[in-house]
Amino acid sequence: MIKVAFASNDRVNVNLHFGAADTLVVYDVSPGYAELLGVGEFVKVNMKGENRFKALSDEQTNVIDLQLSAEELERLAAKPPEDKVIAKLDFLDGCSAIYAASIGTSSIKRLIAAGIQPIIVGTGQTIEDLLNEVSLALHCGGLSWVERPRARAEHAALAPAAPHESAGGLRLITSIEELE
């Protein structure tokens, strides 16, 4: 029913910064079911923005105060800017959300402009747990960002298709009772 992406290099945990992510994993999520749609692999890039020194952890974020010489500042200013986000935005076309361990301010603005909800979670959150959260929200409500794409689908008279059980799909929860 909705496509959701995750910044993950192991396809199990959300553990990458969106801008520097070399792997994005996309699932199609319906109430009670998720199917892997694709894995995007991107060229590994060096971070340049204000978040480049932030640690990706559940602990307090530390920022290193880096002192650059005048020559280093001039060399960095002379380099043409890399746009590492364009290919990722193209890959995420049609996705409702992206989960990442960190997302820079400019990427957040670009994701929102593209209609993709940026969601920052602690490093190590499992993709399966997050898929279950989305599945539960599709069935019972509770996450506003899930309500918007679901309402768009209903408005466009797109009835949710019955999930297709396949080798790559995951059975997800649709009620609190299933957690017990």
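The preceding data block contains the structure.
What you are looking at is a predicted structure, and each value in this text was computed from that prediction instead of being measured.

Colleague: Can you walk me through the nonpolar core in this structure?
Modeller: Core analysis: the largest hydrophobic core is formed by 21 residues, its most contacted members being Val4, Phe6, Val29, Tyr99, Val134 and Trp145. Broken down by secondary-structure element, the contributors of at least two residues to this core are strand S1 (2-7), strand S3 (23-30), strand S5 (95-100), helix H4 (127-140) and helix H5 (144-155). Sequence-distant contacts of Val29, defined by excluding residues within four places in its chain, comprise Met1, Ile2, Val4, Ala34, Leu131, Val134, Ser135, Leu138 and Leu172. Counting 17 residues, the second largest nonpolar core, distinct from the first, contains Ala5, Leu89, Cys95 and Ala100.

Colleague: Even after reading the chapter, I still don't get the packing of aromatic side chains, so can you show me in this structure?
Modeller: Aromatic ring pairs: the centre-centre distance and the angle between the two ring planes describe each pair. Inspection of the entire model under this criterion finds 4 aromatic pairs. Taking the centre distance of 5.2 Å and the plane angle of 10 degrees together, the rings of Phe6 and Tyr99 count as stacked. With Phe6 in strand S1 and Tyr99 in strand S5, this residue pair connects regions lying 93 residues apart in the sequence. By relative accessible area, Tyr99 is classed as buried at 1%. Arranged with centres 6.2 Å apart and planes meeting at 75 degrees, the rings of Tyr99 and Trp145 form a pair that is edge-to-face. Of this pair, Tyr99 sits in strand S5 while Trp145 sits in helix H5; the two residues are 46 residues apart in sequence, bridging distant segments of the chain. For the pair Tyr99 and Trp145, one class covers both residues: buried. A network of ring pairs unites the aromatic residues Phe6, Tyr27, Tyr99 and Trp145 as a single cluster. Its end group placed over the ring of Phe42, Lys88 keeps NZ or CZ at 5.6 Å from the ring centre.

Colleague: Help me out: how do you make sense of the sheet that holds strand S8 (residues 169-171) in this one?
Modeller: For sheets, the rule is that strands pair by backbone hydrogen bonds, running either parallel or antiparallel. The strand order S6-S5-S1-S3-S4-S8 describes an open sheet built from 6 strands, whose pairing is mixed. Each having just a single partner strand, strand S6 (117-120) and S8 make up the two edges of the open sheet. Across the sheet, the mean angle separating the axes of adjacent strands is 25 degrees when strand polarity is ignored. As defined by bridge partners, S5 adjoins S6 across 4 bridges and the pair is classed as parallel. Looking at S6, one finds that Tyr99 is bridged to Ile119.

Conventions adopted
Residues numbered from 1 in each chain as written. Predicted model: local features only at pLDDT ≥ 70, side-chain atom pairs only at ≥ 80, totals over all residues. Heavy atoms only, no water. Core = buried A, V, L, I, M, F, W, Y, C linked by side-chain atoms within 4.5 Å. Buried < 20%, exposed > 50% of the residue type's maximum accessible area, 1.4 Å probe, protein only. Helix = DSSP H or I, 4+ residues; strand = E, 2+ residues; numbered from the N terminus. Contact = heavy atoms within 4.5 Å. Phe/Tyr/Trp six-rings, centres within 6.5 Å; stacked < 30°, edge-to-face > 60°. Lys NZ or Arg CZ within 6 Å of the ring centre and 35° of its normal. Pairing = 2+ DSSP bridges. Axes fitted to C-alpha atoms, helices over the stretch in contact; angles between N-to-C directions.

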